[in-house]
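Structural description and commentary
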Amino acid sequence: MSKAILGRKLGMTQIFTEEGKVVPVTVVESGNNVVLMNKTVESDGYNAVQLGFGEVKEKNVNKPLKGHFAKAGVAPVKFIREMRLADPSEYKVGDSIGVDIFAAGELVDVVGTSKGKGFAGGIKRHNFACGPMGHGSKSHREPGSTGAMISGPGGRVLKGKKLPGRMGGERVTVQHLTVVRVDADRNLILIKGAIPGPKKSFVVIKDTVKPVKPAKKN
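Note that the structure is predicted; figures quoted are calculated from it, not measured.

Rules behind the numbers
- Residues numbered from 1 in each chain as written.
- Predicted model: local features only at pLDDT ≥ 70, side-chain atom pairs only at ≥ 80, totals over all residues.
- Heavy atoms only, no water.
- Core = buried A, V, L, I, M, F, W, Y, C linked by side-chain atoms within 4.5 Å.
- Buried < 20%, exposed > 50% of the residue type's maximum accessible area, 1.4 Å probe, protein only.
- Helix = DSSP H or I, 4+ residues; strand = E, 2+ residues; numbered from the N terminus.
- Contact = heavy atoms within 4.5 Å.
- Phe/Tyr/Trp six-rings, centres within 6.5 Å; stacked < 30°, edge-to-face > 60°.
- Pairing = 2+ DSSP bridges.
- Axes fitted to C-alpha atoms, helices over the stretch in contact; angles between N-to-C directions.
- Salt bridge = Lys/Arg side-chain N within 4 Å of Asp/Glu carboxyl O.
- Arc of directions from axis to C-beta.
- Polar contact = N/O pair within 3.5 Å; in protein donor to acceptor, adjacent residues only side chain to side chain.

The next thing to look at is the nonpolar core. Counting residues in each nonpolar core, the largest one holds 27 residues, and the members touching the most others are Val-110, Ile-189 and Ile-205. Breaking this core down by element, the ones donating at least two residues are strand 1 (4-16), strand 4 (48-55), strand 5 (77-84), strand 7 (107-113), strand 12 (171-183), strand 13 (188-192) and strand 14 (202-207). The element contributing the most residues to this core is strand 14, with four residues. Ignoring anything within four residues of it in the chain, the contact list for Ile-189 reads Ile-5, Thr-26, Val-27, Val-28, Ser-30, Val-99, Phe-102, Val-179, Arg-181 and Ile-205. Core analysis: the second largest hydrophobic core is formed by seven residues, Val-34, Leu-36, Val-74 and Val-77 among them.

Here you go:
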C-alpha cells in the first residue's frame, strides 16, 4: 500500500456524468489527516505510519494520548489508525495529508464498521433457508440440527457454528471501488457505490490490493 487517508462518511447521493449517466456515490469528508508516528523495521519490526483525523475536545482525551499528541506536536484527534507502508519515510511526524493524494478514476479499498443490527436469527444473519410453511410444521424459522458436537459432561457446540446471534458492528472491507470526484476545496471524496457503516462513521480509504490487470497481448 502506497497511500491511505482517514475520513468520515457523510451519506450517499448521485451525480451525472458528461454523457448524462447517473452514478450513485458515497460522500466522504476527509483531508487534514495528521501524521502522529512513524514505525520502521529497525525500531518496531515493521514499516507503518500512524494517522489521525477528526476533532475532539481536549477534556475528552486521556493523559497517555495527550502525551502522544504533544510529542507529535499536533492537536488532539478522535480517530487514529495505523497504515502499513513500504516506505514510511515519505511522511514526517506532524505533516498534514489532504484528499488530493487521490484522483478521479483511481481504485480504492474502503474499511469501516458495518451497521449494528442487534440480535438476528439464522435466516437473516446467515441467509439460511426457511423451514416448511405449512400449518403442521414446527420449524418455520428455527435453526435445524447443529451437527457434530464436543461430547462428554461439558458437551457443547463446536466454535464457529453458524447460529442466531448478534449481527453487524463488524470490520468490513469493500474492495475495488472507483473514486469519481475529489473536491479539495471542501475536503470531499466521492466514491462510486456504497461503503460500510452508518452516516458520520469513520472509514479508511486506501489503495486497492486488486488493481486492474493489464490486458494480455495476443
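Right, let's get into the packing of aromatic side chains. Applying the stated criterion to the full structure yields two aromatic pairs. Arranged with centres 6.2 Å apart and planes meeting at 85°, the rings of Phe-53 and Phe-202 form a pair that is edge-to-face. With a gap of 149 residues between them, Phe-53 in strand 4 and Phe-202 in strand 14 connect regions that are remote in the sequence. For the ring pair Phe-79 and Phe-202, a centre distance of 4.7 Å and an interplane angle of 15° mean the geometry is stacked. Here Phe-79, found in strand 5, pairs with Phe-202, found in strand 14; they are 123 residues apart in sequence, far enough to count as distant. Comparing Phe-79 with Phe-202 shows no difference in burial state: the two are buried. Members of the aromatic cluster, each reached through a chain of ring pairs, are Phe-53, Phe-79 and Phe-202.

Read once around its circumference, the closed barrel built from six strands follows the order 1-2-13-12-7-14, with strand pairing classed as antiparallel. Shown here is a sheet whose adjacent strand axes are inclined to one another by a mean of 50°, direction ignored. Pairing of strand 7 with strand 12 involves six bridges; the strand directions are antiparallel. Considered in strand 12, the bridge of Thr-113 is made with Arg-171.

Taken as a whole, this structure holds four salt bridges when the rule is applied. Taking the shortest distance from any N to any O, the salt bridge between Lys-3 and Glu-106 comes out at 2.9 Å. Here Lys-3, found in the segment before strand 1, pairs with Glu-106, found in the loop between strand 6 (96-97) and strand 7; they are 103 residues apart in sequence, far enough to count as distant. Residue classification places Lys-3 among the buried positions, given a relative accessible area of 17%. Here Glu-106 falls in the partly exposed class, since its relative accessible area comes to 24%. Among the ionic pairs, Lys-39 bridges to Glu-82, the shortest N-O distance being 2.9 Å. With Lys-39 in strand 3 (residues 33-39) and Glu-82 in strand 5, this residue pair connects regions lying 43 residues apart in the sequence. For Lys-39, a relative accessible area of 17% translates into the label buried.

Let us now look at the sheet that holds strand 3. Read across the open sheet, the four strands follow the order 5-4-3-6; overall the sheet is antiparallel. Either end of the sheet is taken by a strand with one partner, and the two such strands are strand 5 and strand 6. Strand direction decides the pairing type here: strand 4 and strand 5, joined by seven bridges, are antiparallel. Across the sheet, residue Gly-52 finds its bridge partner in strand 5, namely Ile-80. The strands touched by helix 2 (residues 63-72) within the sheet are strand 3, strand 4 and strand 5, with strand 3 carrying the most contacts at an inclination of about 95°.

What follows is about helix 2. Along helix 2, the residues that are buried comprise His-68, Phe-69 and Ala-72. Projection of helix 2 onto a plane perpendicular to its axis shows the buried side chains occupying an angular sector of 95°, all on one side. Turned more than 90 degrees from where helix 2 packs its buried face, Lys-63, Ala-70 and Lys-71 sit exposed. On its buried face, helix 2 sits against strand 3, strand 4 and strand 5. N-capping of helix 2 is provided by Asn-62, with a side-chain oxygen placed 3.0 Å from the backbone N of Leu-65. Of the residues trailing helix 2, Gly-73 is marked for its positive phi of about 75°.

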